[in-house]
Structure formats: C-alpha cells, structure tokens
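Coordinates in review
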Amino acid sequence: MALRCDLIIRDATIIDGTGAASRRGDIGVSGDRIVAVGDLGGASADREVMAGGKAVAPGFIDSHTHDDRAVLCGPACMTCKISQGVTTVVVGNCGVSLAPARFTNRPPPPLDLIGEDGWWRFDSFGDYAHELKKQGSEVNTYALVGHQTMRVEVMNGDVMRVANDAEIERMRLRVKQSLAEGASGFSTGLYYPLNMHATTEEVIAVAEPLRAYGGIYVTHMRDEADRVCASIEETLKIGDRVGCPVWISHHKCSMPENYGRSNQTLALIDAYAQSQEVCFDVYPYPAGSTVLMPDRLRDDVKVMITWSIPHPEMAGKYLSDIARGWNTDIRLAAERLLPAGQITFQMDEADVRRIMAHPMSVIGSDGIPHDAHPHPRLWGTFPRVLGLYARELRLFTLETAVHKMTGRPAAVFGMVDRGVIREGAYADLVLFDPNTVIDRATFENPKQESAGIEEVWANGVSTFVAGKGATGEKPGRLVTRGRA
C-alpha cells in the first residue's frame, strides 16, 4: 500500500541539521513527526509543497532568548521569531525567568525586561508550564529557571549581599521542584547587581539539584571584559562541582581594550572541553543589549536607547545625542531615562566572527521582545547567519550554519528527536531560499521581517508563510531535557 502523509515537501535540498552535506529529496510528515525522507514519488499527501530545489532544514532553535512572556502573547510577540524560521526558543536565560516567583509590583531590572505588573504570577514552574499548555504558542519552549528571579523573591529584594544558609536552601528547593515540573536547567546572571553578590559557593549550592535531574547550567558570566578568563574558569568550576554540563551565554570579549582576546578565551574553553561538557552561544552582531546601567557607561562606547519609562520618545536615539540635547553628560542623562534599556556597541567584528566560526559555538539571538526599539537581532539573527556569514562571507558552509542552529544545540540541550531531519524526528521544519535569505532589520529600523524564509512548521503544523505572515496556529510544546 502506498504511503499516505499529511504533508509532503517535494524536491527539496535537504540540510538535515547534522552538518552532513545537503541532498535532494522529499520529506513526508504525518501528525507531528517526519515519517519518510528520500524519494517519495510513490507517496501521496493531503498537502504537497513543491520546494523547487530550495532548502529545507530543521526548524531553527534560538538558544538564547528572553521570550518567557512572549511565548504566552501570540503572533504579536512571536512573529519576530517564526518569520526567521525559529521553531524552538530557550527561555529563562541570564538568571531571569518568569517562574518561579510571584511579585505584586514591578520587579527591579533586569527582571522587568520580561514582565511588568501582572505578569509575575507564577509561584511555581508548574504554574508556568500549565499556562503555556493552556495558551499554546507558535514555538516550542525549553525553559531554565533563573537565579536572579529566585534571589529577589527569596531574599525579599535584599540582594546586595550573599544569601544566608536558609535562603540558599529555599532557592535550592525551588530549583529542585522546577526541574521535577519540567524545567531543564538553571541560569545565572552574575554580571547584574541582583546576582553579582552571589558567591561561587552560593551558585554551586543552589544548582545542586541539576546533578540528580540531569539538568544544565547556563550563565551570563560575572565578567565578559577584563576578567573574562577568570569568569570562564569560575563557570567551569561550578559545572565541575555540580557535575553538570555548562553553557556560556552570548560569549564575547567586551570593551575596546579586550578586542582580540577571543583567541585566548576560545583556547581556554577548548582546554576545559577535554574533560567537561561545555558549549557557548553567540549572536551575529558587534553590539549587545540589556537594561540601561548608568554606572557602567563609558565615553568611548556608543549607546542607543531601546526604551525608557519616563521618556519613551527617546527610544531609538543615541545617548550622546540625548545628553547633548539636555546639556548634560551621558551618565546624568541615563539616570533621567531610568528605568530604560540600551544597545551597547561594545565588541569587535573580528572577535564575533572568530567565536561564531568555532566548532563549539551555536547561534542565539538574545533578543529582547518587549523593547520599544529593539536590537535588530530580535528579528534578524538566523537569516543574517545564513545570508551574510555563510553565503556572502563564507565564514562556514551552509550546512555548518544550519548545524549551529539545529542539531548541535538540540544535542547539547538534550532535546530528544529535534534539530534533525530523519524518520521519527519531530516535524519542526523551515523552507527557505539559500540564494536570497538575509536579514533586513537594522539598528535604525529593527522591526523588519527577513527575506527568503518561505514557510515554517512546528510539530507538523504551519506557523508562518511568506507574504501572509503568522498562520495563527499554536502547535508549540514545552520541551524538557532528555524527554521526547
């Protein structure tokens, strides 16, 4: 009897996510799974898509996001991701997660990046997972729980100190419960004031449940500038003591005096990788973005404002121009803008390329979805890697670029049956034109869909179609480390 599918994508250039060479063929999907790959000339389907030789890859995995709230908000928040071919997002990064914590007022920065009043209602990770299942989402969600969130809640906001034993135990139990309820790991943001007073020993103690649950430790390290190597060593020490894999978030060498040091940091990571499981993500831009912190501004590093509560009209303007208009210096201008967000032009393009080209790297956008004038990485990361860095600059092959967005992060994060095109894998797929795919988002005009992404499916369901936008379908699921 001839094979009958729900969907067949015919005559595609299949880039399977493993890093292997592409091949021409068909892909058959039934329900949420891929059921056949190859020559399906004898098969039929309810819907057939003629790829005409264009590329089909596994849906892209955004390895570093702040989409905790966005995944609950529908197409208005998630078109920025599905229009890039993203089918899975990793939330809860940098120690900032929407669960487990309940606050009645706006929390301190950077927690307010993902939620204001009314959003901090998830007293347990299980509550958040239930809401995600009830609301549905355009993408799959893989979740971490954040140290900053737990510190603010458990320490009643008194976080400019080391936690005491009772507080550490309460956080440890929070992590344990969250892992039991479907979270996949624990993250820290040791760079931020809410987290920077936590000692290495505090982090190790709170992260201890990762060992029993097979969870992963993910960190925005204590320092990505002068003390970047010491921070890498601290990170790997934590992973070794806890007995878990380590993931370094948005690896960079920040500030002009540290340009070129990626040679040193990558060699150090390589050395640790001989005895520990370690990975890192990178975004394809020489500028970062976070909350505005006046005490960390420098005259030689350009800053653009992404949002401001008291001065929303300043979003998209450079801080130096704002300061000049107000006849003051950049620090006093920044204090007038608070609470606010910033883009910081703090990296060297050569370091970005070196880190991205490293075989251990994967791609993450680190986009901040609720900014009024976001960093263009929110809308452009994945097509930028495919179009600029793979096709135009030939930093790596298209197959390698796709591997960094699919099979590699899926393997390190323990996403079972995702990130690859093969029989039995989940039907997370993206159809794109490798000759035209490119980002359109810019620092001046960041909210622009990329070119060349033709259609996207999550769990076998179409979520985005070029020229039409989001389909309105919400087939996404909670993805838990080590579970199919």
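This text goes with the structure placed above it.
Our subject in this report is the structure included herewith. Just so you know, these numbers come straight off a predicted model, no measurement behind them. (Residues numbered from 1 in each chain as written. Predicted model: local features only at pLDDT ≥ 70, side-chain atom pairs only at ≥ 80, totals over all residues. Heavy atoms only, no water.)

So, on to the overall build of the protein chain. From N to C terminus, the protein chain includes 15 helices and 23 strands. Taking 484 residues into account, the globule formula puts the C-alpha radius of gyration at 23 Å, and the protein chain, at 22 Å, falls close to it. With 484 residues in all, the protein chain has 63% of them scored as buried. Contacts spanning at least 24 positions in sequence make up 76% of the contacts within the protein chain whose residues lie at least 6 apart. Total accessible area on the protein chain is roughly 17,100 Å²; 49% of this is exposed by carbon and sulfur atoms. (Helix = DSSP H or I, 4+ residues; strand = E, 2+ residues; numbered from the N terminus. Rg over C-alpha atoms; globule rule 2.2 N^0.38 Å. Buried < 20%, exposed > 50% of the residue type's maximum accessible area, 1.4 Å probe, protein only. Contact = heavy atoms within 4.5 Å. Areas by Shrake-Rupley, 256 points an atom, 1.4 Å probe, with all protein chains shown as cover.)

Sheet architecture is open: three strands sit in the order 15-17-16, paired in antiparallel fashion. In the strand order of this sheet, the two ends are held by strand 15 (288-291) and strand 16 (303-308), each with one partner. With direction set aside, neighbouring strand axes in the sheet form an average angle of 20 degrees. Where strand 15 meets strand 17 (residues 340-344), four bridges bridge the pair, whose relative direction is antiparallel. Residue threonine 290 lies in a different strand from strand 17, and its bridge partner there is glutamine 342. (Pairing = 2+ DSSP bridges. Axes fitted to C-alpha atoms, helices over the stretch in contact; angles between N-to-C directions.)

Moving on to the side chain of serine 184. Tracing the backbone through its elements, the reader meets serine 184 in the loop between helix 4 (165-180) and strand 11 (185-189). By relative accessible area, serine 184 is classed as buried at 1%. Only 2.8 Å separates the side chain of serine 184 from the backbone nitrogen of arginine 481, close enough to count as a polar contact. Leaving out residues up to four positions away in the same chain, serine 184 has contacts with Tyr142, Ala143, Leu144, Leu179, Gly215, Ile216, Val479, Thr480 and Arg481. (Polar contact = N/O pair within 3.5 Å; in protein donor to acceptor, adjacent residues only side chain to side chain.)

Both strand 1 (residues 4-14) and strand 5 (residues 55-58) contribute to a ladder of two bridges, which runs parallel. Within strand 5, the residue paired with threonine 13 across the bridge is alanine 55. Where strand 5 meets strand 19 (residues 429-432), four bridges bridge the pair, whose relative direction is antiparallel. Bridge pairing in strand 19 places alanine 57 opposite valine 430.

Now for the packing of helix 8 (residues 228-242) against helix 9 (residues 262-273). Two elements in contact, helix 8 and helix 9, have axes separated by 10 Å at closest approach and are oriented at 20 degrees. One finds that helix 8 runs roughly parallel with respect to helix 9. Relative to helix 9, helix 8 is oriented so that their crossing is right-handed. Counting all contacts with helix 8, which are made through Val228, Cys229, Ile232, Glu233 and Leu236, the residues of helix 9 involved are Gln264, Thr265, Leu268, Ile269 and Tyr272. Residues of the contact of helix 8 with helix 9, tallied by class, amount to seven nonpolar, two polar and one charged. (Parallel < 35°, antiparallel > 145°, perpendicular 65-115°, else oblique. Left-handed = near helix turned anticlockwise from the far one by under 90°. Nonpolar A, V, L, I, M, F, W, Y, C, P; charged D, E, K, R; others polar.)

What follows is about the pairing of strand 20 (residues 453-458). Among the six residues in strand 20, five count as buried, and that is most of the element. Relative to strand 20, strand 19 runs antiparallel, the two sharing four bridges. Residue pairing across strands places phenylalanine 432 opposite isoleucine 453, the latter belonging to strand 20. For strand 20 and strand 21 (residues 461-465), the ladder comprises four bridges, and the chain directions are antiparallel. Opposite tryptophan 457, over in strand 21, you have serine 462 as the bridge partner.

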